[in-house]
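Each chain is listed here by its residues.
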Amino acid sequence: MTKCVVLGVTGGIAAYKSAQVVSDLKKKGYEVHVIMTKNACEFITPLTFETLSNNRVSVDTFDRNFEYSVNHISLAKKADLFVIAPCSANVIGKIANGIADDMLTTTFLASTCPKLICPAMNTNMLENPITKDNLAKCQKYGMHILDAASGYLACGDSGKGRLASVDTIVNACEMLINNPKKVNKKILISTGATKEYLDPIRYLTNPSSGKTGRELAKVAYNYGMDVTLVTGENDFEDIPFIKTIKCKSAHDMFVNIDALKDEMDIIIMSAAIADFTPKSKADNKIKKDGNGLTLELQPTVDILKHLGAHKKDGQILIGYAMETIDLINNAKAKLVKKNCDYIIANTISSNNQGFRSDENIVTIISKDQVVELDKLTKSEIAKRIIELCI
């Protein structure tokens, strides 16, 4: 059955971005209904949203051109998710205090589905204690808040207050609309590549993009888990609703994971952590002098082994093994040596799997089983792995 998203659009220059939100949600197969405030119509026309959504846009609570139903109640019942993007300070104040004086706020108050608020306004308005209190009140009532982004604002100021990116909003919608199964567990997931600096501008690293860990984090969240993502540096935006800790080196990652390990029910180490780091780091850029360069490396701390040696009772530990030869035997040895419950083994055999790809072929190894999966998307693989922990 097709899921329904009701999108509220309030008055503000960011309203134009909402058109792309509608388009992207439609492409993903969702039914979208748009409700606009009268002020929003000053920035973008209802016809734009009607063309993109293939549904009539609601603006006036007392519009006489309606089907036989109380429109704000029928939309409230139909919605699987209610999003307001952009959401102005004025509308945030209304919904925080139960004021329902137009079609948008009336329908919002009548709906019982998950609700997402995407603020967009001038920095001083966003930082005003009244606005902060209203947002905190919305959270207290169970609404989800997608933080505003920072940058150049339409008013000419620079600071926090930009509407979150379209990709971030759509991603947040998908995470909320898939009703989470409530699994009361805390999970830590490491992902991405570390960087081991030779000098201030050069470093040793690998091609890992962090896609695998991000998909694991999304799936874990959709099962209702409390998710912490520890990631190497990357260009991705943070995943909505998930605590993210960004690290540079293997040592950084070790310090952050070690501090949290005892709180966790599940730890999945999907990060591609450097095995070696320079014995010394140059304070300044190393100059090319024509004589070549010899690097002296030393081992980094083995985080997975450390976790296995200090694993608390009942904790599930999952490691990854990327191999180029003898995949299964090497992965089985790693399972025992690192005291893991599962090893996810994979290899680089083509350009369309493994590092930076959206797909992969993995083998799930435990003490009792070896399960080889066909080529799947990393999202599908993540679901298989998270289900091992439930």
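Nothing here was measured: the structure is a model prediction, and the numbers come from that model.

A.B. asks: Hey, could you go over the overall build of the protein chain for me, with residue numbers and the actual values?
C.D. replies: Each helix and strand counted, the protein chain has 13 helices and 21 strands in total. Along the first, second and third principal axes, the C-alpha set of the protein chain runs to 75 × 55 × 40 Å. Relative to its full complement of 390 residues, the protein chain shows a buried share of 49%. Partitioning the contacts of the protein chain with sequence separation of at least 6, the portion at a separation of at least 24 is 67%. As displayed, the protein chain has an accessible area near 19800 Å², and 49% of this comes from carbon and sulfur atoms. In the protein chain, 48 side chains carry a positive charge and 45 a negative one; their mean positions are 1 Å apart.

A.B. asks: Could you give an account of unusual backbone geometry, naming the residues involved and the relevant values?
C.D. replies: At the junction of A85 and P86, the peptide bond is cis and its omega measures out at 0 degrees in the coordinates. With respect to the helices and strands, the residue P86 is situated in strand β3 (residues 81-87). For D326, which is not glycine, the phi dihedral falls at a positive 50 degrees. With respect to the element layout, D326 can be found in the loop between β16 (316-323) and α12 (327-337). With a phi angle near 60 degrees, N339 is a residue other than glycine that sits in the positive phi range. According to the relative accessible area criterion, N339 is partly exposed, its value standing at 34%.

A.B. asks: Quick one: what's the story with the packing of helix α9 (residues 211-222) against helix α13 (residues 378-387), residue by residue and with numbers?
C.D. replies: Remark: α9 packs on α13, axes separated minimally by 8 Å, with the N-to-C direction vectors making an angle of 55 degrees. If you check the angle between α9 and α13, you find them oblique. Crossing of α9 against α13: the hand is right-handed. The residues of α13 that touch α9, namely those facing K211, T212, E215, L216, V219 and A220, are K378, S379, A382, K383, I385 and I386.

A.B. asks: Hey, could you go over the packing of aromatic side chains for me, with residue numbers and the actual values?
C.D. replies: Enumeration over the complete set of coordinates arrives at three aromatic pairs. Plain terms: the ring middles of F82 and F108 are 5.0 Å apart, the flat faces sit at 80 degrees to each other, and that makes the pair edge-to-face. Of this pair, F82 sits in strand β3 while F108 is found in helix α5 (residues 103-110), placing the two residues 26 residues apart along the sequence. Both residues of the pair, F82 and F108, belong to the buried class. Geometrically, the ring pair formed by Y221 and F241 is stacked, given 5.7 Å between the ring centres and 20 degrees between the ring planes. Separated by 20 residues along the polypeptide, Y221 in helix α9 and F241 in the loop between β11 (226-232) and β12 (243-247) bring together distant segments of the chain.

A.B. asks: Outline a nonpolar patch on the surface, supporting the account with residue identities and numerical values.
C.D. replies: Together, F276, L293, L295 and L297 make up a nonpolar patch on the protein surface, roughly 380 Å² of accessible area in all. Relative to the helices and strands, L295 resides in the loop between β14 (276-278) and β15 (297-299).

A.B. asks: Break down the pattern of salt bridges for me, citing the residues and quoting the values.
C.D. replies: Any two side chains of opposite charge can pair, given that their charged atoms come close. Considering all chains together, one arrives at 15 salt bridges under this definition. Notably, a salt bridge pairs E127 with K132, separated by 3.2 Å at the nearest N-O pair. Note that K246 is salt-bridged to D238, the shortest N-O span being 3.4 Å.

A.B. asks: Account for the sheet that holds strand β20 (residues 370-372), naming residues and giving values.
C.D. replies: Taken in spatial order, the eight strands line up as β12-β11-β8-β13-β16-β17-β19-β20 in an open sheet, and their pairing is mixed. On the outer flanks of this sheet lie β12 and β20, each paired with one strand and no other. Each strand axis lies, on average, 15 degrees off the axis of its neighbour in the sheet, ignoring direction. Of the strand pairs in this sheet, strand β17 (residues 342-347) and strand β19 (residues 363-365) are connected by three bridges, and their pairing is antiparallel. Along β19, the bridge assignment pairs A345 with T363. With respect to the sheet, α9 is in contact with β8 (186-191), β11, β13 (266-269) and β16, its orientation differing from that of β8 by roughly 165 degrees. Across the sheet, α12 lies against β16, β17, β19 and β20, angled at about 150 degrees from β17, the strand it touches most.

A.B. asks: Explain the pairing of strand β2 (residues 31-36) to me, and be specific about the residues and the numbers.
C.D. replies: Most of β2 sits inside the fold, with five of its six residues counted as buried. Both strand β1 (residues 4-9) and β2 contribute to a ladder of six bridges, which runs parallel. Looking across to β2, one finds that C4 is bridged to E31. This β-α-β element, β1 to helix α1 (residues 15-27) to β2, shows right-handed connectivity.

A.B. asks: Requested: an account of the packing of helix α4 (residues 89-96) against α5, with residues and values cited.
C.D. replies: Direction vectors running N to C along α4 and α5 enclose 40 degrees, while the axes themselves pass 10 Å from each other. Remark: the crossing between α4 and α5 carries right-handed chirality. Contacts between α4 and α5 involve V91, K94 and I95 from the first element and L104, T105 and F108 from the second. Taken together, the residues of the contact of α4 with α5 break down into four nonpolar, one polar and one charged.

Rules of the game
Residues numbered from 1 in each chain as written. Predicted model: local features only at pLDDT ≥ 70, side-chain atom pairs only at ≥ 80, totals over all residues. Heavy atoms only, no water. Helix = DSSP H or I, 4+ residues; strand = E, 2+ residues; numbered from the N terminus. Buried < 20%, exposed > 50% of the residue type's maximum accessible area, 1.4 Å probe, protein only. Contact = heavy atoms within 4.5 Å. Areas by Shrake-Rupley, 256 points an atom, 1.4 Å probe, with all protein chains shown as cover. Lys, Arg positive; Asp, Glu negative; His and termini not counted. Charge placed at Lys NZ, Arg CZ, Asp CG, Glu CD. Axes fitted to C-alpha atoms, helices over the stretch in contact; angles between N-to-C directions. Parallel < 35°, antiparallel > 145°, perpendicular 65-115°, else oblique. Left-handed = near helix turned anticlockwise from the far one by under 90°. Phe/Tyr/Trp six-rings, centres within 6.5 Å; stacked < 30°, edge-to-face > 60°. Patch = residues over 30% accessible without salt bridge, like charges linked within 9 Å, V, L, I, M, F, W, Y side chains within 5 Å. Salt bridge = Lys/Arg side-chain N within 4 Å of Asp/Glu carboxyl O. Pairing = 2+ DSSP bridges. Right-handed = clockwise from strand over helix to strand, strands pointing away. Nonpolar A, V, L, I, M, F, W, Y, C, P; charged D, E, K, R; others polar.

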